[in-house]
Number of protein chains: 2
Amino acid sequence: MTKHAALPGRLLMLGFGSIGQGVLPLILRHIDITPDHITIISPDDAGKAVADEYGVTFLKMALTRENYVGELEARLGQGDFLCNVSVEVSSLALIRKCRELGALYVDTCIEPWPGGYTDPDLSPSQRSNYALRETALDLKRELGAGSTAVIAHGANPGLVSHFLKVALLDIAKASGVDATRPDSREGWAALAQALDVKVVHIAERDTQKGEPAKARGEFVNTWSVNGFVGEGCQPSELGWGTHEPEMPPEGRRHDFGCDSAIYLMRPGAGTRVRTWVPSEGPIHGWLVTHNESISIADYFTVRDEAGAVVYRPTSHYAYHPCDEAVLSLHEFAGKNWELQPSVRILMNEIQPGGVDELGVLINGPAKGSYWYGSQLTIDEARELAPHNNATSLQVTVSVLAAMIWAIENPTAGLVEPEEVDERRIMEISTPYLGTMAGYWTNWTPLQDRETLFPEDLDRSEPWAFKNVIVR
Amino acid sequence: MTKHAALPGRLLMLGFGSIGQGVLPLILRHIDITPDHITIISPDDAGKAVADEYGVTFLKMALTRENYVGELEARLGQGDFLCNVSVEVSSLALIRKCRELGALYVDTCIEPWPGGYTDPDLSPSQRSNYALRETALDLKRELGAGSTAVIAHGANPGLVSHFLKVALLDIAKASGVDATRPDSREGWAALAQALDVKVVHIAERDTQKGEPAKARGEFVNTWSVNGFVGEGCQPSELGWGTHEPEMPPEGRRHDFGCDSAIYLMRPGAGTRVRTWVPSEGPIHGWLVTHNESISIADYFTVRDEAGAVVYRPTSHYAYHPCDEAVLSLHEFAGKNWELQPSVRILMNEIQPGGVDELGVLINGPAKGSYWYGSQLTIDEARELAPHNNATSLQVTVSVLAAMIWAIENPTAGLVEPEEVDERRIMEISTPYLGTMAGYWTNWTPLQDRETLFPEDLDRSEPWAFKNVIVR
Ligand SMILES: NC(=O)c1ccc[n+]([C@@H]2O[C@H](COP(=O)([O-])OP(=O)(O)OC[C@H]3O[C@@H](n4cnc5c(N)ncnc54)[C@H](O)[C@@H]3O)[C@@H](O)[C@H]2O)c1
Ligand SMILES: NC(=O)c1ccc[n+]([C@@H]2O[C@H](COP(=O)([O-])OP(=O)(O)OC[C@H]3O[C@@H](n4cnc5c(N)ncnc54)[C@H](O)[C@@H]3O)[C@@H](O)[C@H]2O)c1
């Protein structure tokens, strides 16, 4: 297998759940590093056997506000690498420390210390991903150039921002618009504007099924239950486009930061939206907050000379998790967001045939809507890499690609996925993503509405969020 | 087995789906009638083998507006019996004809001719169960005394109205209120008022599971998919209590009839409510319209001398169908209420262990809320009767009991379940209902609310519908 890059120093992995266990084999396969240079820190025995299988040191320990400084100082220095795939450890605390030590850094989200998502003493604005991202942007400005830290680089957030760029060029080509690849943020934003992109959905449908079926009192998912429940309890958030005619009644603007997004005074786990995926057509997904909703809207913003926003797309997640997770969400809602006593991540027990279909649905262009992304079956995932399911592989290959990009670009400072070269990421990832394809559709959220009951719709702007949210 | 009654005449069964197939063995077991006196009319071969097993004549034919007069005249006369367990045949047309012919009649709902639930030319008020019931009440007044026709006598509508009476006496006993059984409608209504009953939920949780799991494009349920989808597309309806401080924004009153209920300008299949069942505690169920919501609220109304309403409980269904049906509903909603191309009723493929827990949850009394009903496992159901699952058996034993009551009371005219003696029905049904039990709870819909987000609640009236509906 191709070694894409060499890491002469040490690698510290934080967390060893479904993503950690899935990424380790890819790292050993595609980065030139030996197991004796790798240490895992994780507070439970979940992946111990996998660590042993690969001959990697496994330290059973939780990283906390109190101990992280010492633990990182003991294990990271110039040219070493911290790959953070844990939950409940502050990404920003880690990044700051890595910069001090000269270590490279990658994670798959922007994570706060425990309670950051659900602390009732924080306002919904304060426990939003928008606020977390603004703190990251502050840190980015503060730290400036220096050892690379790639944040929020999993499947989504992560890969999907690259899918979006590829898809915009596809749409340009199909629309007879100049499809030369822009080489600046401003260029990309101008392209989105030129194509009349109004709404970007991260439209995902996971059809993986496990045996046995979800039991009463169990939350079952194909990736971190804690991760999903955490973001599901945060306010719904969406990048807020300039075409939007009307603020939703429960919508709020933040009073700080870049203002690319709004939040809703309701949890994502209780907020359904209409979207479309190639295999199934129209579906309802959940508008769970995600970093990419906010960073995409920010990145693709066009401003005039005076700095006023003249164009911005709406952008949000529309996630139909696996059926067992849909049932888990329903039960979780019934208990007013008190987590089920037991949780299970589906991995070996997944039956053949399921697919994780993850892509961007780009709405607004004259030619119609365009979904572009990865359709990866569990069977393909199993053939491609050990210790992965279809969902985790889309994440882990993206973590791998971000690590390689960081090694190749070691002084880029703190960067978001949109600032990473999508061509390199796609090159590394594509072999692991199953079918990568684009589909056109004339679906809009107004399709087949009001057949039985009148609804409060905005017929003058099909892409108004009002038409998308399920009431 | 006890023969509860004898039917010397002929029995015509209309429809032979999950309920028809399940009730036939009970009829042959508990009513003195021989198979050669029984004819089934049903337009598909679904239950043909079961009919053959019992030696009953099976006519493959749909009853329609055009042919029903001739078909009934050929097969029913004085003292014969029509048991209607079909869909898409007008209950009222059948009842009128039965009266003419002197035949007894039982059904499990009030069904219109095809399209009656979803005809977009009808207003939501016109396609409500309220409207169907008002037409039945008109017919009742028109026909007066005469051969008995029991309508809407399945599990719910049906049994639950009897559960409610038993439960009210339980609550009276536990509260030190006079627990003598009332012998009039006015007496029952006064008892409900005296006990401060504010809200009656028909609270049902079905945990039966089948193999294989629901496929994409399939609607799976433990009873009629067509029946469930039909009522799920009707407006949500609820008996509307005098304690309700506020009309829901999408709530509407009808401009005709008894005014016991309101409807919501949204389909029940898209309307979730908070409720409570003994095995699981707080859950979300669907507020699907049901005849009992309206008839219970009407029956338990107290009026003053001038006829003005002084007391009425709110009453509605809160149904958590089996998990496969929850997923089916989600997919169905995603397609804007266009039914999946394939449907499946779970019967033999149900795995051991599932329960249909169906009862009334009576809210308001000072002692707390009281759930009373049937907890019937699939395993018990299988032991008790062939060709049934836990859901169907609760229905079929109620159909059986209504038939026996009609035979014993042949000239009662058109009657609703509340007008049938609950003692006789419970006597016949109880052996088939698994555990019949009452449970107290201090649950209210305000429990655990607003932990993450402020909500628009009515804290001065916990039992306000505003607190119950899921927004
Ligand atoms: N961007 C994406 O596409 C994407 C996709 C999936 C997961 N994720 C994120 O990746 C992270 C890991 O996901 P997962 O599915 O592997 O989760 P998981 O729940 O399977 O594993 C989490 C791991 O973190 C460990 N952990 C918990 N507390 C810790 C602490 N204090 N110190 C060190 N480790 C700790 C756990 O023991 C476990 O090994 C989550 O933050 C999740 O949100 C991102
Ligand atoms: N009250 C209750 O508790 C309760 C519970 C379950 C079902 N039901 C009602 O009972 C009825 C039957 O339910 P099911 O689960 O057996 O449904 P099902 O879908 O399994 O069966 C319906 C039957 O009706 C037959 N049918 C359809 N069109 C017909 C026509 N034109 N003429 C004659 N027969 C026709 C079908 O062929 C089938 O045999 C439905 O109306 C349903 O709403 C009531």
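What you are looking at is a predicted structure, and each value in this text was computed from that prediction instead of being measured.

Enquirer: Mind laying out the state of the cysteines, listing which residues take part and the relevant values?
Expert: All names here are of chain B. Taken as a whole and judged by the stated rule, the model has 0 disulfides over all chains. The structure places no disulfide on Cys 322, whose sulfur is separated from the nearest cysteine sulfur, that of Cys 233, by 17 Å. When its relative accessible area of 0% is taken as the criterion, Cys 322 is described as buried.

Enquirer: Pulling in residues and values, what's your account of the packing of aromatic side chains?
Expert: The geometry of two aromatic rings is summed up by the distance between their centres and the angle between their planes. One pass over the structure, following the stated rule, counts 32 aromatic pairs over all chains. With centroids separated by 5.5 Å and ring planes inclined at 55°, the aromatic side chains of Tyr 68 of chain B and Trp 113 of chain B adopt a geometry described as tilted. Here Tyr 68 of chain B, found in helix 3 (residues 68–75), pairs with Trp 113 of chain B, found in the loop between strand 7 (104–107) and helix 5 (129–143); they are 45 residues apart in sequence, far enough to count as distant. Trp 113 of chain B shares its class with Tyr 68 of chain B; the two are buried. Pairing Phe 219 of chain B with Phe 228 of chain B gives two aromatic rings, centres 6.1 Å apart and planes at 85°, and the pair type is edge-to-face. Each member of the pair Phe 219 of chain B and Phe 228 of chain B is classed as buried. One aromatic cluster is present, formed by Phe 219, Trp 223, Phe 228, Tyr 317, Tyr 319, Phe 332 and Trp 337 of chain A through successive ring pairs. Over the ring of Phe 453 of chain B we find Arg 127 of chain A, and its NZ or CZ is 4.9 Å from the ring centre.

Enquirer: Explain the site of ligand 1 to me, using residue names and the numbers behind them.
Expert: All names here are of chain A. Around ligand 1 lies a shell of 25 residues, among which Ser 18, Ile 19, Asp 44, Thr 108 and Ala 155 are the nearest. For ligand 1, an oxygen atom lies 3.1 Å from a polar atom in the backbone of Gly 17. A distance of 2.9 Å is found between an oxygen atom of ligand 1 and a backbone nitrogen or oxygen belonging to Ser 224. Protein coverage of the free-state accessible area of ligand 1, which is 850 Å², stands at 91%. Residue composition of the shell around ligand 1, by class: 14 nonpolar, 9 polar and 2 charged.

Enquirer: Can you tell me about the packing of helix 10 (residues 323–334) of chain A against helix 10 (residues 323–334) of chain B, naming the residues and giving the values?
Expert: At a minimum axis distance of 10 Å, the contact between helix 10 of chain A and helix 10 of chain B shows a crossing angle of 95°. By the angle between their directions, the pair helix 10 of chain A and helix 10 of chain B is classed as roughly perpendicular. Within the contact between the two elements, helix 10 of chain A uses Asp 323, Val 326, Leu 327 and His 330 of chain A and helix 10 of chain B uses Asp 323, Val 326, Leu 327 and His 330 of chain B. When grouped by side-chain class, the residues that make up the contact of helix 10 of chain A with helix 10 of chain B number 4 nonpolar, 2 polar and 2 charged.

Enquirer: Give a description of the UniProt feature "domain: Saccharopine dehydrogenase-like C-terminal" (unreviewed entry) in chain A that names residues and reports values.
Expert: Under the present numbering, the feature "domain: Saccharopine dehydrogenase-like C-terminal" (unreviewed entry) in UniProt falls on residues 154–438 of chain A. Helix and strand shares over residues 154–438 of chain A are 32% and 28% respectively, and the end C-alpha atoms of the span are 21 Å apart.

Enquirer: So what's going on with helix 7 (residues 185–194) of chain A? Which residues, and what values?
Expert: Residue and element names in this part refer to chain A. Within helix 7, burial applies to Trp 188, Ala 189, Leu 191 and Ala 192. One side of helix 7 holds all its buried residues, which, seen down the axis, span an arc of 155°. Projecting away from the buried face of helix 7 at angles above 90 degrees are the exposed residues Glu 186 and Ala 194. As for helix 7, its buried residues are in contact with helix 6 (159–175), helix 9 (291–299), strand 16 (302–303), strand 17 (309–311) and helix 13 (422–429). Downstream of helix 7 by a residue or two, Asp 196 has a phi angle that is positive, lying close to 65°.

Enquirer: Account for the environment of Gly 17 of chain A, naming residues and giving values.
Expert: Residues and elements named next belong to chain A. Among the structural elements, Gly 17 can be located in the loop between strand 2 (11–14) and helix 1 (18–30). For Gly 17, a relative accessible area of 32% gives the class partly exposed. Along the backbone, Gly 17 and Arg 272 are 255 residues apart, and their C-alpha atoms lie at a distance of 28 Å.

Enquirer: Tell me about the relation of the copies chain B and chain A, and name the residues and values.
Expert: Placing chain B over chain A gives an RMSD of 0.0 Å and needs a rotation angle of 180°, together with 0.0 Å of translation along the axis. Those values place the two copies in the arrangement expected of a two-fold rotation axis. Comparing interface residues between copies, 100% of those in chain B also lie at the interface in chain A; the contact surface is shared.

Enquirer: Residues and numbers for helix 10 of chain A, please.
Expert: Residue and element names in this part refer to chain A. Along its 12 residues, helix 10 runs 17 Å from first to last C-alpha, staying within 8% of the 16 Å computed at 1.5 Å per residue. Helix 10 sits mainly inside the fold: 12 of its 12 residues count as buried. Burial in helix 10 covers these residues: Asp 323, Glu 324, Ala 325, Val 326, Leu 327, Ser 328, Leu 329, His 330, Glu 331, Phe 332, Ala 333 and Gly 334. Following helix 10 by one or two positions, Asn 336 adopts a phi angle in the positive range, close to 50°.

Enquirer: Any details on the site of ligand 2? Residues and values, ideally.
Expert: All names here are of chain B. Taken together, 25 residues surround ligand 2, and among them Ser 18, Ile 19, Asp 44, Thr 108 and Ala 155 come closest. Take Phe 16: an N or O atom from its main chain is 2.9 Å from an oxygen atom of ligand 2. With respect to ligand 2, the backbone of Val 87 contributes an N or O atom lying 3.3 Å from a nitrogen atom. Protein burial of ligand 2: of its 850 Å² of free accessible surface, 90% is covered by the chains. Here the shell around ligand 2 is composed, by residue class, of 14 nonpolar, 9 polar and 2 charged.

Rules of the game
- Residues numbered from 1 in each chain as written.
- Chains lettered and ligands numbered in written order.
- Predicted model: local features only at pLDDT ≥ 70, side-chain atom pairs only at ≥ 80, totals over all residues.
- Heavy atoms only, no water.
- Disulfide = S-S within 2.5 Å.
- Buried < 20%, exposed > 50% of the residue type's maximum accessible area, 1.4 Å probe, protein only.
- Phe/Tyr/Trp six-rings, centres within 6.5 Å; stacked < 30°, edge-to-face > 60°.
- Helix = DSSP H or I, 4+ residues; strand = E, 2+ residues; numbered from the N terminus.
- Lys NZ or Arg CZ within 6 Å of the ring centre and 35° of its normal.
- Near = heavy atom within 4 Å.
- Polar contact = N/O pair within 3.5 Å; in protein donor to acceptor, adjacent residues only side chain to side chain.
- Areas by Shrake-Rupley, 256 points an atom, 1.4 Å probe, with all protein chains shown as cover.
- Nonpolar A, V, L, I, M, F, W, Y, C, P; charged D, E, K, R; others polar.
- Axes fitted to C-alpha atoms, helices over the stretch in contact; angles between N-to-C directions.
- Parallel < 35°, antiparallel > 145°, perpendicular 65-115°, else oblique.
- Contact = heavy atoms within 4.5 Å.
- UniProt positions renumbered as here; feature names shortened; annotations may be inferred.
- Arc of directions from axis to C-beta.
- Least-squares fit on C-alpha atoms with pLDDT ≥ 70 in both.
- Expected span 1.5 Å × (residues − 1).

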